[in-house]
Amino acid sequence: MNTFASVHPAMGSLVSAGSPGVGPDHQRLVELLQSTVERLLDSISLGKPLQDASRQLYEVLEQCGRSNWDGYGAKPVLFDSYERARRFIRSLPFGIPVPEVSAEPDGEITLEWFVAPTRVFSVSVGRDDELNYAGLFGASRTYGTEVFHDEIPEVVLSHIKRVVS
Amino acid sequence: MMRFLKWFFLTLKEWFLKPDTHPGTIIGANENLSRFIFSTRYFSRQALRVKAEAYMPKEGEVSVFRVDRLTAVQIWKIGDEIADERNRTLYARGDIQAREVTGNGLDIVSAEPPPRHANIVGWPANDKPRQKLIALQIAALATLVLKEQVTRVLITSGERQMG
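A.B. asks: I'd like to hear about helix H2 (residues 72-86) of chain B, residue by residue, with values.
C.D. replies: Residues and elements named next belong to chain B. Compared with an ideal rise of 1.5 Å per residue, which puts 15 residues at 21 Å, H2 spans 21 Å between its outermost C-alpha atoms and is within 8% of the ideal. Of all the residues in H2, the buried ones are Ile75, Trp76, Ile78 and Gly79. One side of H2 carries all its buried residues, which in axial view fall inside an arc of 150 degrees. Seen from the buried face of H2, the exposed residues on the opposite side, beyond 90 degrees, are Val73, Lys77, Asp84 and Glu85. Directly beyond the C-terminal end of H2, a positive phi value near 55 degrees is found at asparagine 87.

A.B. asks: Hey, could you go over the sheet that holds strand S4 (residues 62-66) of chain B for me, with residue numbers and the actual values?
C.D. replies: Residue and element names in this part refer to chain B. Taken together, the six strands give an open sheet; going across it, the order is S6-S7-S4-S1-S5-S8, and neighbouring strands pair in antiparallel fashion. The open sheet has two edge strands, strand S6 (107-110) and strand S8 (143-146), and neither has a second partner. Strand-to-strand twist across the sheet, computed as the mean angle between neighbouring axes with direction ignored, equals 35 degrees. Relative to strand S7 (residues 117-121), S4 runs antiparallel, the two being bridged by four bridges. Counterpart to valine 64 in the pairing with S7 is alanine 118.

A.B. asks: Explain the interface of chain A and chain B to me, using residue names and the numbers behind them.
C.D. replies: Residue-level contacts link 28 residues of chain A with 22 residues of chain B. At the level of secondary structure, the elements contributing two or more residues to the side of chain A that touches chain B comprise helix H4 (47-63), strand S1 (100-103), strand S2 (109-116), strand S3 (119-125), strand S4 (130-137) and strand S5 (140-147) of chain A. Here the side of chain A that touches chain B is composed, by residue class, of 14 nonpolar, 11 polar and three charged.

A.B. asks: For helix H4 (residues 128-141) of chain B, give the residues involved together with the corresponding values.
C.D. replies: Residues and elements named next belong to chain B. In a regular helix each residue adds 1.5 Å, so 14 residues correspond to 20 Å; H4 covers 20 Å between its end C-alpha atoms and thus fits that length. For H4, a buried count of 11 out of 14 residues is recorded, marking the element as mostly surrounded by other parts of the structure. Among all positions of H4, only Lys128, Pro129, Gln131, Lys132, Leu133, Ile134, Ala135, Leu136, Gln137, Ile138 and Ala139 are buried.

A.B. asks: Tell me what's going on with the nonpolar core, and back it up with residues and numbers.
C.D. replies: If you look at the biggest cluster of nonpolar residues, it comprises 70 residues, and the most contacted ones within it are Ile109 of chain A together with Ala139 of chain B. Sorting elements by how many residues they give to this core places H4 of chain B first, with six residues. When sequence neighbours within four positions are dropped, the list of residues in contact with isoleucine 109 of chain A reads Val60, Val77, Ser81, Tyr82, Ala85, Val101, Ala103 and Val125 of chain A.

A.B. asks: I'd like a rundown of the environment of isoleucine 120 of chain B, residues and numbers included.
C.D. replies: Residue and element names in this part refer to chain B. Summarising the element assignment, isoleucine 120 is placed in strand S7. On the basis of neighbour counts, which here come to 25 C-beta atoms within 10 Å, the residue isoleucine 120 falls in the buried class. As for isoleucine 120 and alanine 47, which are separated by 73 residues in sequence, their C-alpha atoms are 25 Å apart. The contacts of isoleucine 120, once residues within four sequence positions are left out, are Glu61, Val62, Val64, Val101, Leu106 and Ile108.

A.B. asks: Account for the confidence of the model for chain B, with residues named and values stated.
C.D. replies: Across chain B, the average pLDDT comes to 87, with 79% of residues at 70 or higher. Scoring of the predicted complex yields 0.77 for pTM and 0.79 for ipTM.

A.B. asks: Run through the sheet that holds S4 of chain A, naming residues and quoting values.
C.D. replies: Spatially, five strands are ordered S1-S2-S3-S4-S5 (chain A) in an open sheet, and the strand pairing comes out antiparallel. Single-partner strands in this sheet number two, and they are S1 and S5 of chain A. Neighbour-to-neighbour, the strand axes of this sheet turn through a mean angle of 20 degrees, independent of strand direction. Of the strand pairs in this sheet, S4 of chain A and S5 of chain A are connected by eight bridges, and their pairing is antiparallel. By the bridge assignment, phenylalanine 137 of chain A is partnered in S5 of chain A with serine 140 of chain A. Across the sheet, helix H6 (residues 154-164) of chain A lies against S2, S3, S4 and S5 of chain A, angled at about 30 degrees from S4 of chain A, the strand it touches most. Contacts from H4 of chain B reach S3, S4 and S5 of chain A within the one sheet, and its direction differs from that of S4 of chain A by about 35 degrees.

Reading the values: the criteria
Residues numbered from 1 in each chain as written. Chains lettered and ligands numbered in written order. Predicted model: local features only at pLDDT ≥ 70, side-chain atom pairs only at ≥ 80, totals over all residues. Helix = DSSP H or I, 4+ residues; strand = E, 2+ residues; numbered from the N terminus. Expected span 1.5 Å × (residues − 1). Buried ≥ 20, exposed ≤ 12 C-beta atoms within 10 Å, placed from the backbone. Arc of directions from axis to C-beta. Pairing = 2+ DSSP bridges. Axes fitted to C-alpha atoms, helices over the stretch in contact; angles between N-to-C directions. Contact = placed C-beta atoms within 7 Å. Nonpolar A, V, L, I, M, F, W, Y, C, P; charged D, E, K, R; others polar. Core = buried A, V, L, I, M, F, W, Y, C linked by C-beta atoms within 7 Å. pLDDT = per-residue confidence, 0-100.

What follows is the structure, encoded as structure tokens:
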């Protein structure tokens, strides 16, 4: 694996044909290319929806970061939950639409894929590794708990795909 | 017999036509329940829907008001009073019939004061996924009524009267 490919997987195909470079100029070029590729990935392919979801997520942290944000005594959304929800959204594979972001009375963040009132899937992300989820798929329904580290559990992903397909 | 029936129906008619008859403690299946919404996170303006989060329980309860035989103005007045008490903005309300709640295995119990207040109870304890599922099912049947719609209607009718 050459230097470029080790920096960003998406850059591998761009540079694999040439011989690896050396020196400070080469390093600057690598950094420049890396930031360009990251910016491209963020702003073109998934960019706009991902940015919207990130903005929504930040707004939730701001609006719901205090106790009783809903007027019914809701617990505050904590930064840990925000971070975990951010990682969840960024772990979504290409082609999956980003969710609507909200919060719950217990302070957990809701990520929701809504197509119609009876075609909806919702995941709660809190400060621990547990993901509580529920979904309606017409007459069928599902609910359960999964663990989230850095990869979205396959069962959760399959429910998201089912609701948006 | 005829005299009794006449008396019975007149009494019934009078009772139903009273604008603000206080409901009894037993909650009927067809009663309308309003959930006042003080956070923009609990509804979607684009999709005009109440989100399930609005119906997630806090300490095993969801607070609602029984609004049968109230006018729209009277319903919003209750919400405004609660908003004032809690120093919050009232954005909207979610309306649903009692049977749509009890149909999901929950109960509704009168919890006054304030007048007409009730709680949705009977949520599965320590089982958040099931609570989420029930909240999704209730939200799917709920109707969102935006406060700003009412304000807009009042302003429009005021403009018409002035014009």
